[in-house]
Amino acid sequence: QKGGWDAENLPVFEYHAVGSVQHQRIYEQTRGFLMQLGYPVDKVIFKQYINFGELNKSVDNGLAPFFFMSWNMDYPDAQNTLQMFYGPNKAPGSNKFAFDNKSYDELYEQALSMPETIQRKKIFSNLNQMVVDECVIISGINRTFISLWHKNVIFYPTEDITGAGFLKYVALKDVNQMP
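Let us look at the structure shown here. (Residues numbered from 1 in each chain as written. Predicted model: local features only at pLDDT ≥ 70, side-chain atom pairs only at ≥ 80, totals over all residues. Heavy atoms only, no water.)

**Some details on the packing of aromatic side chains**
One pair of aromatic rings is described through two measures. These are the centre distance and the angle between the planes. Evaluated as defined, the whole model comprises 11 aromatic pairs. Ring pairs connect the aromatic residues F13, Y15, Y27, Y39, F46 and F66, which therefore count as one cluster. The ring of Y49 carries K47 above its face, with NZ or CZ at 5.3 Å from the centroid. (Phe/Tyr/Trp six-rings, centres within 6.5 Å; stacked < 30°, edge-to-face > 60°. Lys NZ or Arg CZ within 6 Å of the ring centre and 35° of its normal.)

Listed below in C-alpha coordinates is the structure:
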(Lines give C-alpha, C1' and ligand atoms only; values in the text may rest on other atoms or scores of the structure.)
Protein backbone atom coordinates (compact mmCIF):
# COMPACT_ATOMS: atom_id res chain seq x y z
CA GLN A 1 0.00 0.00 0.00
CA LYS A 2 1.49 3.32 -1.06
CA GLY A 3 2.65 5.37 1.91
CA GLY A 4 1.94 2.54 4.36
CA TRP A 5 4.08 -0.02 6.09
CA ASP A 6 5.54 -3.03 4.36
CA ALA A 7 8.19 -5.61 5.25
CA GLU A 8 10.95 -3.16 4.33
CA ASN A 9 9.89 -0.12 6.34
CA LEU A 10 8.27 -1.71 9.38
CA PRO A 11 10.00 -0.61 12.57
CA VAL A 12 11.84 -3.16 14.68
CA PHE A 13 9.50 -4.62 17.29
CA GLU A 14 11.42 -4.77 20.58
CA TYR A 15 10.04 -7.11 23.22
CA HIS A 16 11.41 -5.93 26.59
CA ALA A 17 11.30 -8.35 29.53
CA VAL A 18 13.35 -9.89 32.30
CA GLY A 19 15.51 -12.66 30.85
CA SER A 20 13.99 -15.94 31.98
CA VAL A 21 12.74 -19.18 30.46
CA GLN A 22 9.14 -18.05 31.02
CA HIS A 23 9.66 -14.71 29.28
CA GLN A 24 11.60 -16.38 26.46
CA ARG A 25 8.58 -18.61 25.84
CA ILE A 26 6.19 -15.66 25.92
CA TYR A 27 8.48 -13.79 23.53
CA GLU A 28 8.47 -16.75 21.13
CA GLN A 29 4.67 -16.86 21.30
CA THR A 30 4.43 -13.10 20.67
CA ARG A 31 6.90 -13.34 17.78
CA GLY A 32 4.84 -16.18 16.31
CA PHE A 33 1.67 -14.07 16.49
CA LEU A 34 3.45 -11.17 14.81
CA MET A 35 4.79 -13.44 12.09
CA GLN A 36 1.24 -14.66 11.41
CA LEU A 37 0.34 -11.01 10.86
CA GLY A 38 3.20 -10.68 8.36
CA TYR A 39 5.85 -9.09 10.59
CA PRO A 40 9.30 -10.14 9.37
CA VAL A 41 10.99 -12.47 11.85
CA ASP A 42 14.25 -10.50 11.73
CA LYS A 43 12.44 -7.36 12.89
CA VAL A 44 11.20 -8.90 16.16
CA ILE A 45 13.88 -8.88 18.86
CA PHE A 46 14.02 -9.86 22.52
CA LYS A 47 15.61 -7.22 24.73
CA GLN A 48 16.46 -9.05 27.97
CA TYR A 49 17.14 -7.50 31.37
CA ILE A 50 19.05 -9.08 34.21
CA ASN A 51 16.27 -8.28 36.73
CA PHE A 52 12.97 -6.44 37.12
CA GLY A 53 14.68 -3.34 38.50
CA GLU A 54 16.66 -2.89 35.28
CA LEU A 55 13.55 -3.45 33.15
CA ASN A 56 11.59 -0.96 35.24
CA LYS A 57 14.40 1.60 34.91
CA SER A 58 14.25 1.30 31.11
CA VAL A 59 10.45 1.61 31.13
CA ASP A 60 10.62 4.69 33.38
CA ASN A 61 13.19 6.29 31.06
CA GLY A 62 11.12 5.63 27.93
CA LEU A 63 13.59 3.11 26.53
CA ALA A 64 11.14 0.19 26.33
CA PRO A 65 8.50 0.83 23.68
CA PHE A 66 6.80 -2.56 24.22
CA PHE A 67 6.98 -4.36 27.54
CA PHE A 68 5.06 -6.87 29.59
CA MET A 69 4.26 -5.84 33.10
CA SER A 70 1.54 -6.96 35.45
CA TRP A 71 -0.64 -4.72 37.52
CA ASN A 72 -3.52 -5.52 39.84
CA MET A 73 -6.36 -3.32 41.02
CA ASP A 74 -6.05 -2.07 44.58
CA TYR A 75 -9.75 -1.25 44.87
CA PRO A 76 -12.75 -1.83 42.60
CA ASP A 77 -13.21 1.52 40.86
CA ALA A 78 -12.50 2.48 37.26
CA GLN A 79 -10.46 5.45 38.49
CA ASN A 80 -7.96 2.96 39.87
CA THR A 81 -7.21 1.73 36.36
CA LEU A 82 -7.65 4.97 34.44
CA GLN A 83 -5.06 6.80 36.58
CA MET A 84 -2.41 4.74 34.76
CA PHE A 85 -3.02 6.86 31.63
CA TYR A 86 -3.24 10.28 33.29
CA GLY A 87 -0.50 12.50 31.81
CA PRO A 88 0.86 13.96 35.07
CA ASN A 89 1.34 10.38 36.35
CA LYS A 90 4.06 9.69 33.74
CA ALA A 91 6.96 7.47 34.75
CA PRO A 92 8.33 7.04 37.24
CA GLY A 93 4.66 7.29 38.25
CA SER A 94 1.95 4.84 37.24
CA ASN A 95 1.68 6.11 33.63
CA LYS A 96 4.42 3.82 32.33
CA PHE A 97 3.06 4.27 28.78
CA ALA A 98 3.91 8.00 28.62
CA PHE A 99 0.35 8.57 27.41
CA ASP A 100 -0.21 12.30 27.07
CA ASN A 101 -3.61 13.50 25.92
CA LYS A 102 -4.94 16.86 27.11
CA SER A 103 -8.59 15.89 26.56
CA TYR A 104 -8.09 12.69 28.55
CA ASP A 105 -6.41 14.55 31.41
CA GLU A 106 -9.17 17.16 31.58
CA LEU A 107 -11.94 14.55 31.67
CA TYR A 108 -10.04 12.50 34.23
CA GLU A 109 -9.63 15.54 36.50
CA GLN A 110 -13.33 16.36 36.13
CA ALA A 111 -14.31 12.84 37.21
CA LEU A 112 -12.00 12.77 40.25
CA SER A 113 -14.20 15.02 42.37
CA MET A 114 -17.52 13.49 41.26
CA PRO A 115 -19.53 11.06 43.36
CA GLU A 116 -20.43 7.69 41.84
CA THR A 117 -23.10 8.71 39.35
CA ILE A 118 -24.19 7.82 35.83
CA GLN A 119 -22.38 10.96 34.59
CA ARG A 120 -19.12 9.81 36.21
CA LYS A 121 -19.51 6.35 34.67
CA LYS A 122 -20.05 7.95 31.25
CA ILE A 123 -16.86 9.97 31.65
CA PHE A 124 -14.94 6.84 32.65
CA SER A 125 -16.40 5.02 29.65
CA ASN A 126 -15.22 7.86 27.39
CA LEU A 127 -11.75 7.74 28.98
CA ASN A 128 -11.58 4.01 28.46
CA GLN A 129 -12.56 4.44 24.80
CA MET A 130 -9.81 7.04 24.34
CA VAL A 131 -7.23 4.53 25.61
CA VAL A 132 -8.60 1.86 23.26
CA ASP A 133 -8.79 4.21 20.26
CA GLU A 134 -5.17 5.31 20.69
CA CYS A 135 -4.03 1.72 21.37
CA VAL A 136 -2.05 2.79 24.42
CA ILE A 137 -1.98 -0.68 25.93
CA ILE A 138 -2.65 -4.30 25.08
CA SER A 139 -4.30 -5.43 28.27
CA GLY A 140 -6.28 -8.14 29.92
CA ILE A 141 -3.74 -10.85 29.29
CA ASN A 142 -2.69 -13.18 32.07
CA ARG A 143 -0.39 -15.77 30.63
CA THR A 144 0.33 -17.80 33.74
CA PHE A 145 -2.60 -17.60 36.14
CA ILE A 146 -5.95 -19.39 36.08
CA SER A 147 -8.61 -18.80 38.75
CA LEU A 148 -11.02 -21.57 39.64
CA TRP A 149 -13.90 -20.72 41.94
CA HIS A 150 -16.58 -22.84 43.57
CA LYS A 151 -20.07 -22.20 42.17
CA ASN A 152 -21.18 -20.76 45.56
CA VAL A 153 -18.59 -17.99 45.50
CA ILE A 154 -19.96 -14.56 44.61
CA PHE A 155 -17.71 -11.70 43.54
CA TYR A 156 -18.55 -8.08 44.20
CA PRO A 157 -17.92 -6.29 41.99
CA THR A 158 -18.13 -8.66 39.06
CA GLU A 159 -14.80 -7.55 37.57
CA ASP A 160 -11.74 -9.63 38.34
CA ILE A 161 -10.16 -7.99 41.39
CA THR A 162 -6.91 -9.87 41.77
CA GLY A 163 -4.78 -7.47 43.74
CA ALA A 164 -3.69 -7.45 47.34
CA GLY A 165 -6.59 -7.94 49.72
CA PHE A 166 -9.08 -8.95 47.03
CA LEU A 167 -10.69 -11.52 49.31
CA LYS A 168 -12.52 -8.73 51.13
CA TYR A 169 -14.67 -8.50 47.97
CA VAL A 170 -15.62 -12.18 48.06
CA ALA A 171 -18.86 -13.48 49.58
CA LEU A 172 -20.45 -16.90 49.79
CA LYS A 173 -24.01 -17.81 49.02
CA ASP A 174 -26.03 -18.83 52.03
CA VAL A 175 -26.12 -22.60 51.61
CA ASN A 176 -29.39 -22.73 53.56
CA GLN A 177 -31.10 -20.61 50.88
CA MET A 178 -29.76 -22.56 47.91
CA PRO A 179 -32.27 -24.45 45.73
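The rest of the description comes next.
**Brief notes about the side chain of H23**
Within the secondary structure, H23 sits in helix α1 (residues 21–36). Accessibility expressed as a relative area gives 17% for H23, which makes it buried. In this view, H23 contacts Y15, A17, V18 and F46; residues no more than four positions away in its chain are not counted. (Helix = DSSP H or I, 4+ residues; strand = E, 2+ residues; numbered from the N terminus. Buried < 20%, exposed > 50% of the residue type's maximum accessible area, 1.4 Å probe, protein only. Contact = heavy atoms within 4.5 Å.)

**A word on α1**
Every α-helical turn comprises 3.6 residues, leaving residues that sit three or four positions apart pointing alike. Here α1 is 16 residues long and its end C-alpha atoms lie 23 Å apart, about the 22 Å a rise of 1.5 Å per residue gives. Taken together, the buried residues of α1 touch β1 (13–18) and β2 (44–49). One or two residues past the end of α1 sits G38, with phi positive at roughly 100°. (Expected span 1.5 Å × (residues − 1).)

**A few points about the side chain of N101**
When you line up the elements, N101 lands in the loop between α3 (78–82) and α4 (102–112). By relative accessible area, N101 is classed as buried at 12%. Of the polar contacts made by the side chain of N101, one reaches the side chain of E134; its length is 2.6 Å. With sequence-adjacent residues up to four places away left out, N101 is seen in contact with M130 and E134. (Polar contact = N/O pair within 3.5 Å; in protein donor to acceptor, adjacent residues only side chain to side chain.)

**Thoughts on the pairing of β1**
Of all the six residues making up β1, five are buried; the element is thus mostly covered by neighbouring parts of the structure. In terms of strand pairing, β1 meets β2 through six bridges, oriented parallel. Considered in β2, the bridge of F13 is made with V44. Following the backbone out of β1, through α1 and into the adjacent parallel β2, one traces a crossover that is right-handed. (Pairing = 2+ DSSP bridges. Right-handed = clockwise from strand over helix to strand, strands pointing away.)

**Comments concerning the packing of α4 against helix α5 (residues 118–133)**
Where α4 contacts α5, the two axes come as close as 10 Å, and the packing angle between them is 155°. By the angle class used here, α4 and α5 are roughly antiparallel. For α4 against α5, the interelement crossing comes out left-handed. Each of S103, Y104, L107, Y108, Q110 and A111 in α4 lies in contact with α5, whose residues at this interface are Q119, R120, I123, F124, N126, L127, M130 and V131. Across the contact of α4 with α5, the residue classes tally to nine nonpolar, four polar and one charged. (Axes fitted to C-alpha atoms, helices over the stretch in contact; angles between N-to-C directions. Parallel < 35°, antiparallel > 145°, perpendicular 65-115°, else oblique. Left-handed = near helix turned anticlockwise from the far one by under 90°. Nonpolar A, V, L, I, M, F, W, Y, C, P; charged D, E, K, R; others polar.)

**Quick word on α5**
If you check α5, its first and last C-alpha atoms are 22 Å apart, about what 16 residues at 1.5 Å a residue would give, namely 22 Å. Within the span of α5, buried status applies to R120, I123, F124, L127, M130 and V131. The buried side chains of α5 occupy one side of the element, clustering within an arc of 115° when seen end-on. For α5, the exposed residues lying more than 90 degrees away from the buried face are I118, K121, K122, V132 and D133. On its buried face, α5 is in contact with α3 and α4. Just downstream of α5, C135 is the residue with a positive phi angle, here 50°. (Arc of directions from axis to C-beta.)

**Some remarks on the pattern of salt bridges**
Under the criterion given, the structure shown has four salt bridges. A salt bridge links K57 to E54; its shortest N-O distance comes to 3.3 Å. With K57 and E54 both in helix α2 (residues 52–60) and three residues apart, the pair spans about one turn of that helix. The exposure class assigned to K57 is partly exposed, which follows from its relative accessible area of 46%. We classify E54 as partly exposed; its relative accessible area is 33%. The closest approach of N and O atoms between D100 and K90, which form a salt bridge, is 3.3 Å. Within this pair, whereas D100 is found in the loop between α3 and α4, its partner K90 is found in the loop between α3 and α4, the two being separated by 10 residues in sequence. By relative accessible area, which is 34% here, K90 ends up partly exposed. (Salt bridge = Lys/Arg side-chain N within 4 Å of Asp/Glu carboxyl O.)

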